[in-house]
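The primary structure of each chain is shown beneath.
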Amino acid sequence: MEARDAFAWSGVEAGKCAAPTPLLTVEGVTLQYKTTDLLITATHRVDLTVYPSDRYILLGPSGCGKSTLLKAIGGYMKPVEGKIALKGRTVTEPGPDRMMVFQEFDQLLPWKTVQQNVEFALLASKRLSGKAATDRADYYIEKVGLAKFKDSYPHMLSGGMKQRVAIARGMAMEPDVLLMDEPFAALDALTRRKMQDELLRLWEDTRFTVLFVTHSIEEAIRVGTRILLLSPHPGRVKAELNSLDPSELGTARQSQLETRINDMLFGH
Amino acid sequence: MALSTLPRDGIIHRPEIIREVGEAGATVKAEASLSLPERLYQVAALRKALVLIGLAVIWQAYGLWLDNPLLFPSFTDTLQAFFEGIVSGIIPARAWISLQTLLIGYGIGIVLACLLTTLAIGSRIGTDLLETLTSMFNPLPAIALLPLALIWFGLGTGSVVFVIVHSVLWAIALNTHAGFRSVSTTQRMVGLNYGLRGLTLVRKVLIPAAFPSILTGLKVGWAFAWRTLIAAELVFGVSSGSGGLGWFIFENRNLLETANVFAGLFSVILIGLVVENLVFATIERRTVRRWGMQS
């Protein structure tokens, strides 16, 4: 396993700094699910290690089991083989220490306002109560720039705003890891780009750990610090790469990396 | 004419047009208020009132023309009978008796529907039970059970409550169950993510998420209950000591007080309208409409 400094991640060789403790470990995880007449193996013996403040990307074509893997880490399904552990504790069920941000816009509860949606997460999970919950909710709603809309109901918001609320809700819980399942895939290209930049800006503030699923190579390079490439049918680890420093985006190195990833995923 | 000669490349070339907006725009008003009749026509309540007045006029004209109060009392006769009934306290008392029976039946129906749906979302066999029972009993008219109810519960409120429960239960259970099943997987996962489990998850996520369907079930159940009640009272209210509105209608028919029969029907309609347009409409406006779950 490679160990690396979270702040100087671009191309740093393993073992130069003291080995940090991993936050999330996935060891030899095989995931299967049943449809009406088939038993489908979504991933086969996948290993990965996430360290604090990682922006860890699960990248692969559709059918590589990346979303299923994220759901298993979320605790929604049990591996038939292998082990998933967060801070050394085996993951057995969903919990507020791993907040999910989904792709679907209906992930916000429609009967609650923006403010109530964020606050309810804190109250329901018993993380905070009363004024502390209100203040924390306000703080994160302000952070994603929706202070003006905090009394609006979700149906009055645009898709990008809904995803921002979902991110605010995830961050407000201050989980050990934020699990994002193609959160920007349903947005238009311009909004998606804006949201990616905003996510990076938020990360600069608090350096939270995020596990991000995407099928877009460009998004993976832009958002991630480290990229896990999965092959399809069933998902197996093809490579684990370091991404680029934001200053290198738009340079030749970006297109080099894109080509390299593309070749690895679709080359052979 | 420049356009009449077709250029060689097939595209009709013409000069660009750039206009100074404002030179002519000074005299154009962007907004103008509608005239008073036009504005009044926009008010739904006013249009409906117009329909009602129209119907009343036709009723009155036909009643006067027929001139047979035994067969068809005029609108004013009915109105008079209605207000006399209100003043003498007979209609309110009868309506109150009807409503009491109705609320008891409706309440029991809701509780049973909750139990059945809880069983249904809790287990596969519970789902099968609910589906089988609803497909068996939902098409069965409540009144058809009345002879049986009379044998089991005798003449009186018990039998009426029984048939009301029957008419309410399946409609509510069916709709609530459908509502729970249509709650999006994402919202369920969100609830689980917060650490909510079991009944807390049902109460805090599933019930609000399924609320549009639950409300539909309650509305349909209410309408069924109201119809069943009046019908049941008409059929066997004869022998019960203190009848409700149905019994009032039946009694007055026997006395050939047709205006009172109409007044009784009028009360039934009125109560139905009030519950539908005030109670349920208010709940709808404050919940599902506001949440954007129903347009």
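For chain B, the name recorded in an unreviewed UniProt entry is NitT/TauT family transport system permease protein, with Arboricoccus pini as its organism. Heading Sequence similarities (unreviewed entry) of the UniProt record for chain B holds this comment: "Belongs to the binding-protein-dependent transport system permease family." Here is the UniProt Subcellular location (unreviewed entry) comment for chain B, exactly as written: "Cell membrane".

As recorded by an unreviewed UniProt entry, chain A carries the name NitT/TauT family transport system ATP-binding protein and is attributed to Arboricoccus pini. As stated in UniProt under Sequence similarities (unreviewed entry), the record for chain A gives "Belongs to the ABC transporter superfamily."

A. Focus on the overall build of chain B. A tally of helices and strands in chain B yields 12 helices and 0 strands. Traced from its N-terminal end to its C-terminal end, chain B shows the element sequence α-α-α-α-α-α-α-α-α-α-α-α. Scored against the burial criterion, the 295 residues of chain B give a buried share of 37%. Relative to all contacts within chain B whose residues are 6 or more apart in sequence, the contacts with residues 24 or more apart total 66%. Element-wise, carbon and sulfur atoms account for 67% of the exposed surface of chain B, whose accessible area totals about 18,000 Å².

B. The arrangement of the UniProt feature "domain: ABC transporter" (unreviewed entry) in chain A in detail. UniProt tags residues 24-257 of chain A as "domain: ABC transporter" (unreviewed entry). Here residues 24-257 of chain A is 34% helix and 27% strand, with 26 Å between the C-alpha atoms at its ends.

C. Expanded view of the sheet that holds strand E9 (residues 226-231) of chain A. Residues and elements named next belong to chain A. Reading across the sheet, the 6 strands line up as E6-E7-E8-E3-E9-E10 and stay open at both edges, with mixed pairing between neighbours. A single partner strand is all that each edge strand has here, and the edge strands are strand E6 (98-101) and strand E10 (236-242). For this sheet the average axis-to-axis angle between neighbouring strands, irrespective of direction, equals 20°. As paired elements, strand E3 (residues 55-59) and strand E8 (residues 210-214) share 5 bridges and run parallel to each other. For Tyr-56, the partnering residue across the bridge sits in E8 and is Leu-211. Its contacts with the sheet place helix H1 (residues 66-74) against E3, E6, strand E7 (177-181), E8 and E9, and it is angled at close to 150° to E7. Set on the sheet, helix H7 (residues 252-266) makes contact with E3, E9 and E10; between it and E10 the angle comes to about 170°.

D. The arrangement of the interface of chain B and chain A in detail. In this assembly, 20 residues from chain B lie in contact with 25 residues from chain A. In total, about 2,000 Å² of surface goes out of reach between chain B and chain A, with carbon and sulfur atoms giving 63% of it. Ranking the residues of chain B by area buried against chain A places Met-189, Asn-193 and Tyr-194 of chain B at the top, with a combined share of 37%. Linking chain B with chain A are 1 salt bridge. Arg-197 of chain B is paired through a salt bridge with Glu-93 of chain A; the nearest N and O atoms lie 3.3 Å apart. Taken together, chain B and chain A are joined by 11 residue pairs in polar contact (both at pLDDT 80 or more). Broken down by element, the side of chain B that touches chain A gets its largest block of residues, 6 residues, from helix H8 (residues 185-193) of chain B. In terms of residue class, the side of chain B that touches chain A is made up of 10 nonpolar, 6 polar and 4 charged.

E. Focus on the nonpolar core. Judged by nonpolar contacts, the single largest core of 130 residues is most densely connected at Leu-48, Leu-59, Leu-69, Leu-211 and Ile-261 of chain A. Tallying contributions element by element places helix H10 (residues 211-236) of chain B first for this core, with 10 residues. Filtering out sequence-adjacent residues up to four positions away, Leu-211 of chain A remains in contact with Leu-24, Val-50, Tyr-56, Leu-70, Ile-73, Val-177, Leu-178, Leu-179 and Met-180 of chain A. Judged by nonpolar contacts, the second largest core, of 6 residues, contains Ala-81, Ile-91, Phe-248 and Ala-259 of chain B.

About the thresholds
Residues numbered from 1 in each chain as written. Chains lettered and ligands numbered in written order. Predicted model: local features only at pLDDT ≥ 70, side-chain atom pairs only at ≥ 80, totals over all residues. Heavy atoms only, no water. UniProt positions renumbered as here; feature names shortened; annotations may be inferred. Helix = DSSP H or I, 4+ residues; strand = E, 2+ residues; numbered from the N terminus. Buried < 20%, exposed > 50% of the residue type's maximum accessible area, 1.4 Å probe, protein only. Contact = heavy atoms within 4.5 Å. Areas by Shrake-Rupley, 256 points an atom, 1.4 Å probe, with all protein chains shown as cover. Pairing = 2+ DSSP bridges. Axes fitted to C-alpha atoms, helices over the stretch in contact; angles between N-to-C directions. Buried area = accessible area lost by both parts, 1.4 Å probe. Salt bridge = Lys/Arg side-chain N within 4 Å of Asp/Glu carboxyl O. Polar contact = N/O pair within 3.5 Å; in protein donor to acceptor, adjacent residues only side chain to side chain. Nonpolar A, V, L, I, M, F, W, Y, C, P; charged D, E, K, R; others polar. Core = buried A, V, L, I, M, F, W, Y, C linked by side-chain atoms within 4.5 Å.

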